[in-house]
Amino acid sequence: MRVSAGTAVAEQFAAWAAGLRAADLPAEVRVRAQEALIDHLGLVVSARNEPYVAAVLAGLDSRGTCTAFGHEGGLDMAGAALVNGTAAHGEDYDDTFEGTPMHPGAAVIPAALAAAEHSGAGGEAVLCGIVAGAELMCRMAIVAPMAQHRAGFHPTAVAGAMGAAAAVSVVLGLDAKRTTDALGIAGSMASGIIEYLAEGTWTKRLHPGWAAQSGIRAAHFARGGFRGPRTVFEGEHGFFHAFGIESIPPDVTRITDDLGRRWHFADIAFKPYACGTMVQPFIDCAIALAREGLAVPDIDSILCKVGEGTVHRLWEPLAEKRRPTTPYSAKFSVPYGVAVGLLDQEAGLSQFTEERIRDAALLDLTGRIGYEIDPDDEYPRNYTGTVIATLKDGSTRTARQPHLRGGRRERLPREEIVAKFRANCRFGGWDDARTEALLSSAQSLFMAENMAMLAGFRG
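Residues numbered from 1 in each chain as written. Predicted model: local features only at pLDDT ≥ 70, side-chain atom pairs only at ≥ 80, totals over all residues. Heavy atoms only, no water.

**Student:** Hey, could you go over the overall build of the chain for me, with residue numbers and the actual values?
**Tutor:** Broken down by element type, the chain carries 19 helices and four strands. The C-alpha radius of gyration computed for the chain amounts to 21 Å, which stays within 12% of the reference 23 Å derived for 459 residues, consistent with globular compactness. Along the first, second and third principal axes, the C-alpha atoms of the chain reach 70 × 50 × 40 Å. Out of the 459 residues in the chain, the part that is buried amounts to 62%. (Helix = DSSP H or I, 4+ residues; strand = E, 2+ residues; numbered from the N terminus. Rg over C-alpha atoms; globule rule 2.2 N^0.38 Å. Buried < 20%, exposed > 50% of the residue type's maximum accessible area, 1.4 Å probe, protein only.)

In structure tokens:
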């Protein structure tokens, strides 16, 4: 990639994205993109009957030629992307980027699929769009780690609009100038506050879908000639000023450093458990203790050693985290995650239901789980878990998970990702035949001439 001195960050990224070709992608990146697609589609189907998806559908009044998986009829591009993105992130079971929590697939994939289905673009364009958009989101995650959270914004929501705009620009074949405009426009569409943490309400679920439809709008406005600011990233009033805090200064060079040589998207993680990213290592610890023979009736108390940056999302208010008022709130509670890990030795979709969060034995256990800030914890550079159980006889049992399982240090094997896909489709009410048909389509989608096959997965 060659750019002249003094070009804006968005121009540099756009020049790279506009020139991206499938042949440029390393094998590892292609594998990760296909795994992300498989994981994403299973998650969309899993949530098809959930009330929050029904509420989004009820709020749409436009029909079109694009597919909302598992729903009758077609929607317009923005509507399909909104529904699919909301469903994919709805159970917090989707892919994530280590370093700063970011969920690229749920924002980028539905935008790329809808844009391609509408425009007639083929699989290679979708592949390049997904990779470009997800790579941008991962790079934005490391520009000013934790700054968006500290400012009260959901990183996936605000960066997702930018990633989706990049993805759709590539799918549509926009040149570097129009892609730059799309990124500039998307900066004014980005939104999503984290007040959902207070009561476990639904707005976080909406964020990637909203970002996906915003990216579609931004790219199409840019294609029509609408102008956006070139300095959307580094400007005095740009993205990292609006969605950040002064104490965490941004390094916007991380958006463009080693583009095409260093692939951050290749490091995305796939979740083994249906809950918040930083809860996962603690569940691994709990399951390990249970498998070693730790009996819940013998436990007096449990102490979790945690990173300070996780406390306000996963531990406080402690009363809510110990007795979550909604299944969604339970997904962001380490006490709940540890408890289901000890009791069930799993934490899939069935562990986060209205019935399960009211189980007396489970709530008795969550009430005995507390935390201590570990000044040596590596968060957010690394997600770890340490669980120390003190037994009624005074002895202790300890388990430590040194990294996020499913991430770059310990990848989920393809067969586990496929097993998760099948389980999620069953949870969404699909039979084996339809599930296998969707899996086959996902495995061959990047070689398809167009996205016409997607219409077969409505209803």
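After that view of the structure, there is still more to cover.
**Student:** With reference to specific residues and values, describe the packing of helix H2 (residues 27-46) against helix H19 (residues 432-444).
**Tutor:** Where H2 meets H19, the axes come as close as 9 Å, and the angle between the chain directions of the two elements is 150 degrees. Classified by the interaxial angle, the pair formed by H2 and H19 is roughly antiparallel. As for the relative orientation of H2 and H19, their crossing is right-handed in sense. For the pair H2 and H19, contact is made by Gln34, Leu37, Ile38, Leu41 and Val45 and by Leu438, Leu439, Ala442 and Gln443, respectively. The residue makeup of the contact of H2 with H19, split by class, is seven nonpolar, two polar and no charged. (Axes fitted to C-alpha atoms, helices over the stretch in contact; angles between N-to-C directions. Parallel < 35°, antiparallel > 145°, perpendicular 65-115°, else oblique. Left-handed = near helix turned anticlockwise from the far one by under 90°. Contact = heavy atoms within 4.5 Å. Nonpolar A, V, L, I, M, F, W, Y, C, P; charged D, E, K, R; others polar.)

**Student:** Tell me about the UniProt feature "domain: MmgE/PrpD C-terminal" (unreviewed entry) in the chain, residues and numbers included.
**Tutor:** Mapped onto this numbering, the UniProt entry gives "domain: MmgE/PrpD C-terminal" (unreviewed entry) at residues 273-427. Along residues 273-427 one finds 37% helix and 17% strand; the C-alpha atoms at either end are 14 Å apart. (UniProt positions renumbered as here; feature names shortened; annotations may be inferred.)

**Student:** I'd like a rundown of the nonpolar core, residues and numbers included.
**Tutor:** Among the nonpolar cores identified, the biggest contains 163 residues, and Leu113, Leu183, Phe233, Ile302, Cys304, Val338 and Leu342 are the most heavily contacted of them. The contact partners of Phe233, leaving out residues within four places of it in the chain, are Val9, Ala10, Leu136, Met140, Met162, Leu183, Phe239, Phe240, Val252 and Ile255. (Core = buried A, V, L, I, M, F, W, Y, C linked by side-chain atoms within 4.5 Å.)

**Student:** Please provide a residue-by-residue account of the side chain of His207, values included.
**Tutor:** Among the structural elements, His207 can be located in helix H10 (residues 203-223). Accessibility expressed as a relative area gives 8% for His207, which makes it buried. Those residues in contact with His207, other than ones at most four positions away along the chain, are His154, Ala157, Gly192, Ile193 and Tyr196.

**Student:** Hey, could you go over the sheet that holds strand E4 (residues 396-401) for me, with residue numbers and the actual values?
**Tutor:** Taken in spatial order, the four strands line up as E2-E1-E3-E4 in an open sheet, and their pairing is mixed. The sheet is open, and its two borders are formed by strand E2 (369-373) and E4, each paired with just one other strand. Averaged over all pairs of adjacent strands, the angle between strand axes in this sheet comes to 20 degrees, irrespective of strand direction. Looking at chain direction, strand E1 (residues 299-306) and E2 are connected through five bridges and run parallel. Across the sheet, the residue bridging to Cys304 is Tyr371, located in E2. Against the sheet, helix H16 (residues 334-344) engages E1, E2 and strand E3 (385-391), with an angle of about 125 degrees to E1. (Pairing = 2+ DSSP bridges.)

**Student:** Report on the pairing of E1, specifying residues and quantitative values.
**Tutor:** Pairing of E1 with E3 involves six bridges; the strand directions are antiparallel. Counterpart to Ser301 in the pairing with E3 is Thr390.

**Student:** I'd love a proper account of helix H12 (residues 280-291), names of residues and values included.
**Tutor:** Given a rise of 1.5 Å per residue, twelve residues ought to cover 16 Å, and the 17 Å separating the end C-alpha atoms of H12 matches this to within 8%. Burial analysis of H12 places ten of its twelve residues in the buried class, the great majority of the element. All of the buried residues in H12 are Gln280, Pro281, Phe282, Ile283, Asp284, Cys285, Ala286, Ile287, Leu289 and Ala290. Buried residues along H12 sit against E1, H16, E3 and E4. Following H12 by one or two positions, Gly293 adopts a phi angle in the positive range, close to 105 degrees. (Expected span 1.5 Å × (residues − 1).)

**Student:** Tell me what's going on with the packing of helix H5 (residues 104-119) against helix H8 (residues 155-172), and back it up with residues and numbers.
**Tutor:** Two numbers describe how H5 lies on H8: the axes approach to 8 Å, and their chain directions differ by 30 degrees. Our classification of the angle between H5 and H8 gives roughly parallel. At the point where H5 passes H8, the crossing takes the right-handed sense. On H8, the residues touching Ala107, Val108, Ala111, Ala112, Ala115, Ala116 and Ser119 of H5 are Gly160, Gly163, Ala164, Ala167, Val168, Val171 and Leu172.

**Student:** Run through the environment of Arg356, naming residues and quoting values.
**Tutor:** Its location among the elements puts Arg356 in the loop between H16 and helix H17 (360-366). Looking at Arg356, the relative accessible area reads 16%, which means it is buried. Separated by 284 residues in sequence, Arg356 and Glu72 have C-alpha atoms that sit 31 Å apart.

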